[in-house]
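# Architecture at a glance
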Amino acid sequence: MADGEPGGLLKGPGERQQVALLELFFDLAFVFALTQLSKNLVSDLTWTGAYQTFVLLLALWWAWTLAAWITNRMDPRRPTVQAVVLGIMVGTLVMAVVLTDAFGAHGVIFASVSGALHIVVLLFLALALPHPERRTGRRLLVWSTGTGVLWFAGGLTGGTARDVLWILAAVIDYAAYTLRYPTPRLGRVTLPDWPLSAEHLAERHRQLFIIALGELILVTGVTFTQRDFTADRTGAFAVSILTTVLFWRIYVFRAGELLDRAIAAAADPVQLTRPLALAHLIMVAGVVVTAVGDEMVITDPVAAHGRP
């Protein structure tokens, strides 16, 4: 079925939802993005710095989630779908490049890309989905247009106004997602509106968590190689690697292996995907904070333990 035909962008009924190489390629952008987030936090270890880093993480996570949902329903082998996913990837990279000064001089760039992704990609969904599912695209477009405008407005302002507008945009994004995008005359998203592949969605979240652990290893390794190999730094490096291994083991032992079965067995898979996504968001945020701690301990083990 060609791209231009109704439903031509969707995966076939009963088709095995295998993760495509395009999606793995997309995830590479998040190695850099997560590294930038930890760099941003370590440069400003204050409550303000933590708040700003979390807001930026919410913006990047929204872009990743959008791409994951597109490839869950649409066929990534189609050139049109590939173009959209690659466009989101490029946008994510641009946001990551300017991330460390997003609340400063580069705020307009970060906000413009985030706002454009909110509006342009959701407009694509509203137009490209077949008629029964087009209502879902319209629901998302209504909400995302509003939050996209807030991102734009925050980029054009500065100081407290930017802080307020961006956190408001992020809160609305995630509240709408949690509430299934309730929209006048269109209602909320239900399973028939957006059929899900449990196996694919679970695998995408597993892969993202592994990407986050990869960023943790990258930060730890780079920090260690840039310093003298003293006994205390070597010990700090060993503890950091052990922590990463334990993160992997804790995740894989139960939760990571049960995701697809839990979604598939749920009476309402759409409802279960919300806590699934939010749980992984919290875990990734924890990995970013851990990367900052590892960098500080390896850089100066004595100071990190509070000794003079």
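For the structure itself, consult the block above.
Every chain is numbered independently, its residues counted from 1 as its sequence is written. Restriction of local features to residues with pLDDT of at least 70 applies here, the model being predicted, together with a cutoff of 80 or more for giving and counting side-chain atom pairs; totals for whole chains, interfaces and linings are based on all residues. Calculated side-chain values reflect all of the structure's heavy atoms, with hydrogen atoms and water omitted.

### Points about the environment of Gly-146
Note on conventions: DSSP H or I runs of at least 4 residues are helices, E runs of at least 2 residues are strands, and numbering of each starts at the N terminus. You can see Gly-146 is positioned in helix α5 (residues 131–156). Whether a residue is buried, partly exposed or exposed follows from its accessible area with a 1.4 Å probe, protein chains only, as a fraction of its type maximum: under 20%, in between, or over 50%, in that order. On the basis of relative accessibility, which here comes to 38%, the residue Gly-146 falls in the partly exposed class. Sequence-wise, Gly-146 and Gly-115 are 31 residues apart; in three dimensions their C-alpha atoms are separated by 9.4 Å.

### Considering the nonpolar core
Side-chain atoms within 4.5 Å are what join buried Ala, Val, Leu, Ile, Met, Phe, Trp, Tyr and Cys residues into a set we call a nonpolar core. The biggest cluster of nonpolar side chains holds 80 residues, and the ones touching the most others in it are Ile-70, Met-74, Ile-88, Phe-110, Leu-125 and Trp-166. Per-element accounting of this core gives the leading share, 15 residues, to helix α2 (residues 47–73). Any two residues having at least one pair of non-hydrogen atoms within 4.5 Å are treated as being in contact. Discounting residues that sit within four places of it in the chain, Trp-166 has contacts with Val-55, Leu-56, Ala-102, Phe-103, Gly-107, Phe-110, Ala-111, Leu-150, Trp-151, Gly-154 and Gly-155.

### What to know about the pattern of salt bridges
For this document, the term salt bridge refers to a Lys or Arg side-chain nitrogen within 4 Å of an Asp or Glu carboxyl oxygen. This structure, assessed with the given rule, holds five salt bridges. A salt bridge links Arg-204 to Glu-23, with the nearest nitrogen and oxygen atoms 3.2 Å apart. With Arg-204 in helix α7 (residues 198–225) and Glu-23 in helix α1 (residues 21–42), this residue pair connects regions lying 181 residues apart in the sequence. Given the relative accessible area of 1%, Glu-23 is considered buried. Arg-206 is paired through a salt bridge with Glu-203; the nearest N and O atoms lie 2.7 Å apart. Here the residue Arg-206 and the residue Glu-203 both occupy positions in helix α7, the gap between them amounting to three residues, near one helical turn.

### Some remarks on the packing of aromatic side chains
The pairing test for Phe, Tyr and Trp rings, Trp by its six-membered ring, is centres within 6.5 Å, and the orientation test on the planes gives stacked under 30 degrees, edge-to-face over 60, and tilted for anything in between. One pass over the full model with this rule turns up ten aromatic pairs. Geometrically, the ring pair formed by Phe-26 and Phe-30 is tilted, given 6.1 Å between the ring centres and 40° between the ring planes. One end of the pair, Phe-26, and the other, Phe-30, are both in helix α1, four residues apart, so they sit about a helical turn from each other. Of the two residues examined, Phe-26 and Phe-30, each falls in the buried class. A centroid spacing of 5.6 Å and a plane angle of 35° characterise the contact between Trp-61 and Trp-64, whose relative ring orientation is tilted. Pair noted here: Trp-61 and Trp-64 are both in helix α2, with a separation of three residues, about one helical turn. The same class applies to Trp-61 and to Trp-64, which are both buried.

### What to know about the packing of α2 against helix α6 (residues 159–178)
Contact geometry of α2 with α6 gives a least axis separation of 10 Å together with a crossing angle of 40°. In the packing of α2 onto α6, the handedness of the crossing is left-handed. Two secondary-structure elements touch here, α2 through Tyr-51, Gln-52, Val-55, Leu-56, Leu-58, Trp-61, Trp-62 and Trp-69 and α6 through Asp-163, Val-164, Trp-166, Ile-167, Ala-170, Asp-173, Tyr-174 and Tyr-177. Here the contact of α2 with α6 is built from residues that sort into 13 nonpolar, one polar and two charged. Throughout, an axis means a line fitted to C-alpha atoms (over the contacting stretch in the case of helices), and angles, computed between N-to-C directions, take values from 0 to 180 degrees. The sense of a crossing depends on the near helix, which, turned anticlockwise from the far helix by less than a right angle, makes the crossing left-handed and, turned clockwise, makes it right-handed. Residues are grouped as follows: Ala, Val, Leu, Ile, Met, Phe, Trp, Tyr, Cys and Pro are nonpolar; Asp, Glu, Lys and Arg are charged; all remaining types, including Gly, are polar.

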